[in-house]
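The primary structure of each chain is shown beneath.
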Amino acid sequence: MSIANSRDLDELCYPFIHETSWLCDYELLTDELCAQIGAVLAALPNEWDDLRQDLEQLQPLVLHANGSIRGRLALKEADLVWLKSRLQHYRQQLAAPPQGFVLPRGSAPVPQLHAVRSNCKKAIRALVRVSEEGREVADILPRFLNLLCNFSFTLTLVINQRRGEAETVFVSLSYGPVKPASGQVSG
């Protein structure tokens, strides 16, 4: 037996909460992304007006992405052009972008931005499932979320650089060549 919505609106947080479709999961993930960007804004130092202005412009775009499947497509190509230009702007500020992976470390709002980055990937995966269920997913939605993921990661690097904090490189033991221990001969 499936769970039904309560008739008492105080006992219902979201009208679609009991759906089994991945669309509801996508909507919840993008809602969470919007909240996480709010947490980033709350933790930003006052002197970083450039970041604040960009995140304040970005936050409503996430909610536009949220409703763009069940409702009308609200993201525009111009939104992606803007976000990509801001991504390039911040990438140009990096003295030496890391090569490879870095561990997600730093003081607030860096952890919040890493959570945004991670949840973007989850939202993209939810879009894959929504599409598999037969709903049309406009290609602008995964493009936007991929850009947002890369933008969020780049901001972590910019913030750590502005603070003088070095990134901690992660060297995977699962991927790439295995180097023999010193004194051992590889065969």
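Right, let's walk through the structure included here. (Residues numbered from 1 in each chain as written. Predicted model: local features only at pLDDT ≥ 70, side-chain atom pairs only at ≥ 80, totals over all residues. Heavy atoms only, no water.)

**Structural notes on the overall build of the protein**
Rule in force here: Here a strand is any run of E in DSSP of at least two residues, a helix any run of H or I of at least four, and the numbering for each starts at the N terminus. In this scheme, a residue with accessible area under 20% of its type's maximum is buried, one over 50% is exposed, and one in between is partly exposed, where area comes from a 1.4 Å probe on protein chains only. We call two residues contacting when some pair of their heavy atoms lies within 4.5 Å.
Summing up its helical and strand segments, the protein has five helices and two strands in all. Taken from the N to the C terminus, the helices and strands of the protein come in the order α-α-α-β-α-α-β. Expressed as a percentage of the 187 residues in the protein, the buried residues total 36%. Considering only contacts within the protein whose residues lie at least 6 apart along the sequence, 77% involve residues at least 24 apart.

**Overview of the packing of helix α2 (residues 49–67) against helix α5 (residues 140–162)**
Threshold: Every axis corresponds to a line fitted to the C-alpha atoms, with the helix fit spanning only the stretch in contact, and the corresponding angles, defined between N-to-C directions, vary from 0 to 180 degrees. Roughly parallel refers to an angle under 35 degrees, roughly antiparallel to one over 145, roughly perpendicular to one between 65 and 115, and oblique to any angle outside these ranges. Crossings are assigned a handedness: left-handed for a near helix turned anticlockwise from the far helix by less than a right angle, right-handed for a clockwise turn. In the scheme used here, Gly and all other residues not listed as nonpolar or charged are polar, with Ala, Val, Leu, Ile, Met, Phe, Trp, Tyr, Cys and Pro taken as nonpolar and Asp, Glu, Lys and Arg as charged.
Running from N to C, α2 and α5 cross one another at 155 degrees; their axes reach a closest spacing of 12 Å. By the criterion of interaxial angle, the relationship of α2 to α5 is roughly antiparallel. The handedness of the crossing between α2 and α5 comes out as left-handed. Along its contact with α2, which presents D50, L51, D54, L55, L58, L61, V62 and A65, the element α5 presents L141, F144, L148, F151, L155, I159 and R162. In terms of residue class, the contact of α2 with α5 is made up of 12 nonpolar, no polar and three charged.

**Some words on the nonpolar core**
Put simply, the rule reads: What makes a nonpolar core is a set of buried Ala, Val, Leu, Ile, Met, Phe, Trp, Tyr and Cys residues whose side-chain atoms join them at distances within 4.5 Å.
Counting 45 residues, the largest nonpolar core has Y26, L55, L58, F144, L145 and L148 as its most contacted members. Ranked by the residues each element gives to this core, the list is headed by α5, at 12 residues.

**So, the pattern of salt bridges**
For clarity, the threshold we go by: Salt bridge criterion: a side-chain nitrogen from Lys or Arg within 4 Å of a carboxyl oxygen from Asp or Glu.
Throughout the structure, instances matching the rule amount to five salt bridges. The partner of R129 in a salt bridge is E132, with the nearest N and O atoms 3.1 Å apart. One end of the pair is R129 and the other is E132, both in helix α4 (residues 110–132) and three residues apart, which spans about a single turn. Given a relative accessible area of 30%, R129 falls into the partly exposed group.

**Topic: the environment of G38**
Looking at the element boundaries, G38 is found in helix α1 (residues 22–43). C-alpha separation for the pair G38 and Q59, spaced 21 residues apart in sequence, amounts to 7.5 Å.

**A word on α1**
Inclusion rule: A helix is expected to span 1.5 Å multiplied by its residue count minus one. Counting of polar contacts relies on pairs of N or O atoms within 3.5 Å, with two restrictions inside protein: one atom must be capable of donating a hydrogen and the other of accepting it, and residues adjacent in sequence are counted only when both atoms are side-chain atoms.
Taking 1.5 Å per residue, 22 residues should reach 32 Å; α1 reaches 31 Å between its end C-alpha atoms and fits that length. Of the positions making up α1, those classed as buried are L23, C24, Y26, E27, L29, T30, L33, C34, Q36, I37, V40 and L41. Taken together, the buried residues of α1 touch α2, α4 and α5. Of the residues that open α1, the one with a side-chain oxygen 2.9 Å from the backbone nitrogen of L23 is S21.

**A short note on the side chain of S172**
With respect to the helices and strands, the residue S172 is situated in the segment after β2 (169–170). Engagement of the side chain of S172 in a polar contact is seen with the backbone nitrogen of S174, the distance being 2.9 Å. Polar contacts involving the side chain of S172 include one to the main-chain amide nitrogen of Y175, which spans 3.1 Å.

**Section: the side chain of T154**
Along the polypeptide, T154 turns up in helix α5. Overall, the relative accessible area of 4% leaves T154 in the buried class. The contact partners of T154, leaving out residues within four places of it in the chain, are L87, Y90, R91 and L94.

**Quick notes on the packing of α4 against α5**
Between α4 and α5, whose axes approach to 9 Å, the crossing angle comes to 165 degrees. In terms of their interaxial angle, α4 and α5 are classed as roughly antiparallel. Note on packing geometry: the crossing formed by α4 with α5 is left-handed. Listed contacts from α5 to V110, L113, H114, V116, R117, C120, K121, A123, I124 and L127 of α4 are L141, P142, L145, N146, L148, C149, S152, F153, L155, T156, I159 and N160.

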